[in-house]
Amino acid sequence: MSHAHGLPHNFLPLSHLLPAGAAGIFSPAMEAVVEAPLCVPPDEPAVLLSDIREFAAGGSSYVFVVDVTAVFALDGLSRDILHYLRPGKSAPAPATEGRQAAGAGYVLLKDIFCAFEGTHDRQQIGEALRELRSIRAIRFSGFPGEEWKTPQRQLPPAPFPQRSLVLNVANDCNLGCSYCFAAQGDYGTPKRMMQEETARSSVDFLLANSADQKNVTLVFFGGEPLMNLGLIRRVVAYAGEASAKAGKHVDFTMTTNATGLTTEVIDFLSENRIGVSVSIDGPKEYNDLRRTYKNGMGSYDHVRPRILELLHRHKTRPVAARATLTHGITAVEECFWHLLDMGFHEVGFAPVTSSAQEDFALTSEELWTVLEAFRKLSDIYVERALKNESFGFSNLSNLLGELHTGISKNYPCGAGLGLLGVGADGDLYLCHRFSESPAHRMGSVQEGLDVARQTDFLSRAHLSNKPHCGTCWVRHVCAGGCYHEANTHYGSLYHANAHYCEWIRSWIDLGLHAYARIMESNPDFFPQFIEKRGAV
Ligand code: SF4
Ligand code: SF4
């Protein structure tokens, strides 16, 4: 976490960062140098640009400091000093470039003072340097205790508390979507339903392994989970009782194709506060291209009335739509507005960048078209946020949530690290997408977690083992990307998703712009809409 200096937000307008006379930022030796005469001997201390990304938004300048995953506003002098430290005193590199401070070497402190003395007094220059150092945008050399050490790789402390289990309650599906990663719902294994005993063991496993976590999450997944509704009803009741005994709370969510929704099912979901995410790709024209029954018939006409009833009757939780973007489907805005007009509270998009059958992956050109649409939706998002209104574009809400929390990630997601998938027979997997894959099994809810395998995974999957990401400015936000996607594309889950880095960097840059614009003008938006929300 990078709540710099203990302040509540991960964003500090630099001009307000250090009140006059702030102490403890420089060691005594450094204070002496900042107060020293301008022209110092050539072997005097020097300054080095850290890993940063500079950007401008809404007429102001900002810096994103990579190692602390934090955004700071820059005043003119600080911005100019950062530029001065670049090779050739150049402007920042485009967002698509991974290495933003490439080639920047040490610049003598005396040269910085000399360069800016004509426009600013020494006190101002010293103050700007102190502030830039305090936010870690620059480093000093030549001062006692200032040597830069490469951070040591740290694995999460074991045992890591279990927060979420994704249950494959139905290893079967009534649809036959052509792009399905789960081979039309059965992951290429015999079709079967999870049994009650396995589901109960899953609840017991989650509660027993959640350490001091008071809130844990059970996700009903498949295949199509509503094909095993009876089990879901029983496990919800059991989890309620078991968690009460353990002094914990279980939150339930479900991902469904909506074909099995009835009035009775919807009332059950609402009464039990089960969060629902519906897989639907947009209007009939797009949805029915690939979301079909096994006989090839489109699913839209069947699910639409059921979804409308869900949106009308499910009163206790927001309902989200999840649209998969595959080759040939880039009409993001059209799909977004269609789904929002239906009444979904949030709409999120999953662009497919890798596919076992490569036909379904978006081409590079299509991915950029998608980004342009994301940019337009993000602009609307910011406009609404400045009026203190929410806007249901969940991709941006999720990214803003991450940026605001300021978590510096060494792993891309919670897979194997608080989140596990549970197969229909109770086997534990890295995440739900690896269900039924023996190579990614990590024990079972009956026998317990295979800790040796988990430790091996965490060690190998650590960001420090992804050389491709070593100098990338988004590495602590992206951390190499989804393991499943990497496994599909490169045959190894430990590989970085190097096939669309420029896109990822541009998307995160877009998020930084939105974050800065909202934070600058309406910081209250975050506690009201983002902190309470969690990821959808
Ligand atoms: S996979 Fe992510 S972190 Fe790694 S280089 Fe690409 S964009 Fe950067
Ligand atoms: S590995 Fe991929 S699919 Fe699995 S939890 Fe992580 S991001 Fe999601």
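Keep in mind it's a predicted model, so treat the numbers as computed, not measured. (Residues numbered from 1 in each chain as written. Chains lettered and ligands numbered in written order. Predicted model: local features only at pLDDT ≥ 70, side-chain atom pairs only at ≥ 80, totals over all residues. Heavy atoms only, no water.)

A.B. asks: How should helix 15 (residues 483-490) be read in this particular structure?
C.D. replies: The periodicity of an α-helix, 3.6 residues per turn, causes residues three or four positions apart to be oriented the same way. Buried within helix 15 are the following residues: Tyr483, His484, Glu485 and Ala486. If you follow the buried residues of helix 15, they end up packed against helix 13 (451-461). Just downstream of helix 15, glycine 491 is the residue with a positive phi angle, here 75°. (Buried < 20%, exposed > 50% of the residue type's maximum accessible area, 1.4 Å probe, protein only. Helix = DSSP H or I, 4+ residues; strand = E, 2+ residues; numbered from the N terminus. Contact = heavy atoms within 4.5 Å.)

A.B. asks: Help me out: how do you make sense of the pairing of strand 3 (residues 52-57) in this one?
C.D. replies: Along a regular strand, successive side chains alternate from one face of the sheet to the other. The buried fraction of strand 3 is high, at 5 of 6 residues. Note that strand 3 and strand 4 (residues 60-65) share 6 bridges and pair antiparallel. When the sheet's bridge partners are listed, isoleucine 52 is paired in strand 4 with valine 65. Hairpin connection from strand 3 to strand 4: 2 residues lie between these consecutive antiparallel strands, with glycine 58 at a positive phi of about 55°. (Pairing = 2+ DSSP bridges.)

A.B. asks: Would you mind showing me how to read the site of ligand 1 here?
C.D. replies: Around ligand 1, the neighbouring residues are His468, Cys469, Cys472, Val474, Arg475, Cys478, Gly480, Ala496, Asn497, Cys501, Ile504 and Arg505. Of all elements in the fold, only helix 14 (475-478) and helix 16 (501-521) reach the threshold of two or more residues within the shell around ligand 1. The greatest single-element share of the shell around ligand 1, amounting to 3 residues, is contributed by helix 16. Residues belonging to the shell around ligand 1 are distributed by class as follows: 7 nonpolar, 3 polar and 2 charged. (Near = heavy atom within 4 Å. Nonpolar A, V, L, I, M, F, W, Y, C, P; charged D, E, K, R; others polar.)

A.B. asks: For this particular structure, what's the right way to read the packing of aromatic side chains?
C.D. replies: Geometrically, a pair of aromatic rings is defined through the distance of the ring centres and the angle of the planes. Applying the stated criterion across every chain yields a total of 22 aromatic pairs. With a centroid separation of 5.2 Å and 85° between ring planes, the pair formed by phenylalanine 336 and tryptophan 337 is classed as edge-to-face. For tryptophan 337, a relative accessible area of 29% puts it in the partly exposed group. Pairing phenylalanine 457 with tyrosine 494 gives two aromatic rings, centres 6.2 Å apart and planes at 40°, and the pair type is tilted. A residue pair is termed long-range when its members are at least 10 positions apart, and phenylalanine 457 in helix 13 and tyrosine 494 in the loop between helix 15 and helix 16 qualify at 37 residues. The ring centre of phenylalanine 268 lies 4.7 Å from the NZ or CZ of arginine 233, which sits over that ring. Lying across the ring of phenylalanine 181, arginine 433 places its NZ or CZ 4.1 Å from the centre. (Phe/Tyr/Trp six-rings, centres within 6.5 Å; stacked < 30°, edge-to-face > 60°. Lys NZ or Arg CZ within 6 Å of the ring centre and 35° of its normal.)

A.B. asks: Could you clarify how one ought to interpret the side chain of asparagine 171 in this entry?
C.D. replies: Turning to its location among the elements, asparagine 171 is positioned in strand 8 (residues 164-171). Note on asparagine 171: relative accessible area 0%, which makes it buried. Looking at asparagine 171, its side chain comes within polar contact range of the main-chain oxygen of aspartate 186, at 3.2 Å. Among the polar contacts listed, one links the side chain of asparagine 171 to the backbone oxygen of proline 190, at a separation of 3.1 Å. Sequence-distant contacts of asparagine 171, that is, excluding residues within four places in its chain, are made with Gly185, Asp186, Tyr187, Thr189, Pro190, Lys191, Arg192, Ala424 and Glu436. (Polar contact = N/O pair within 3.5 Å; in protein donor to acceptor, adjacent residues only side chain to side chain.)

A.B. asks: I tried to follow the pattern of salt bridges on my own but got confused; where do I start?
C.D. replies: Side chains carrying opposite charge are able to pair once their charged atoms draw close together. Counted by the stated rule, this structure contains 23 salt bridges. A salt bridge links aspartate 425 to arginine 192, with the nearest nitrogen and oxygen atoms 2.9 Å apart. Here the residue aspartate 425 occupies a position in the loop between strand 15 (419-422) and strand 16 (427-429), and arginine 192 occupies one in strand 9 (residues 192-193), the gap between them amounting to 233 residues. You can call aspartate 425 partly exposed: its relative accessible area is 42%. For arginine 234, the salt bridge identified is with glutamate 196, shortest N-O distance 2.6 Å. Here the residue arginine 234 occupies a position in helix 6 (residues 229-246), and glutamate 196 occupies one in helix 5 (residues 196-208), the gap between them amounting to 38 residues. Residue class for glutamate 196 comes out partly exposed when judged on its relative accessible area of 27%. (Salt bridge = Lys/Arg side-chain N within 4 Å of Asp/Glu carboxyl O.)

A.B. asks: Please explain the pairing of strand 8 as it appears in this structure.
C.D. replies: For strand 8, the buried fraction is high: 8 of the 8 residues fall into the buried class. Bridge count between strand 8 and strand 10 (residues 215-222): 6 bridges; the pairing is parallel. For leucine 165, the partnering residue across the bridge sits in strand 10 and is leucine 218. Relative to strand 15, strand 8 runs parallel, the two being bridged by 4 bridges. Residue pairing across strands places serine 164 opposite leucine 419, the latter belonging to strand 15. Across 2 bridges, strand 8 lies against strand 9 in antiparallel orientation. Residue pairing for strand 9: alanine 170 is matched across the bridge by methionine 193.

A.B. asks: How do you make sense of the confidence of the model for the protein chain when you look at a structure like this?
C.D. replies: Note that predicted coordinates carrying low pLDDT should not be read in detail. Residues with a pLDDT of 70 or more make up 88% of the protein chain, whose mean pLDDT is 89. Ignoring residues within four places in sequence, the model shows residues 1-8, a span with pLDDT below 50, making 17 contacts including any to other chains. This model gives residues 16-42 a pLDDT under 50, and the stretch forms 46 contacts once residues within four places in sequence are excluded. Predicted as a complex, the structure gets a pTM of 0.90 and an ipTM equal to 0.95. (pLDDT = per-residue confidence, 0-100.)

A.B. asks: Where do I start with the side chain of aspartate 288 in this structure?
C.D. replies: Its place among the elements puts aspartate 288 in helix 8 (residues 284-290). A polar contact of 3.0 Å, which involves the side chain of aspartate 288, links it to the backbone nitrogen of tyrosine 300. Residue contacts for aspartate 288: discarding those within four places in its chain leaves Gly298, Ser299 and Tyr300.

A.B. asks: Which parts of the structure should I look at to understand the sheet that holds strand 6 (residues 107-108)?
C.D. replies: By definition, the strands of a sheet pair up through backbone hydrogen bonds, in either a parallel or an antiparallel sense. Pairing is antiparallel across the open sheet formed by 3 strands, whose spatial order is 6-2-7. The sheet is open, and its two borders are formed by strand 6 and strand 7 (138-141), each paired with just one other strand. Inspection of the sheet shows strand 2 (residues 46-49) paired to strand 7 by 4 bridges, in the antiparallel sense. The residue of strand 7 that forms the bridge with alanine 46 is serine 141.

A.B. asks: Whenever I open this one, helix 3 (residues 109-116) confuses me. Can you help?
C.D. replies: Those residues of helix 3 not exposed but buried are Leu109, Lys110, Ile112, Phe113 and Phe116. Taken around the axis of helix 3, the buried residues stretch over an arc of 160°, which confines them to a single face. (Arc of directions from axis to C-beta.)

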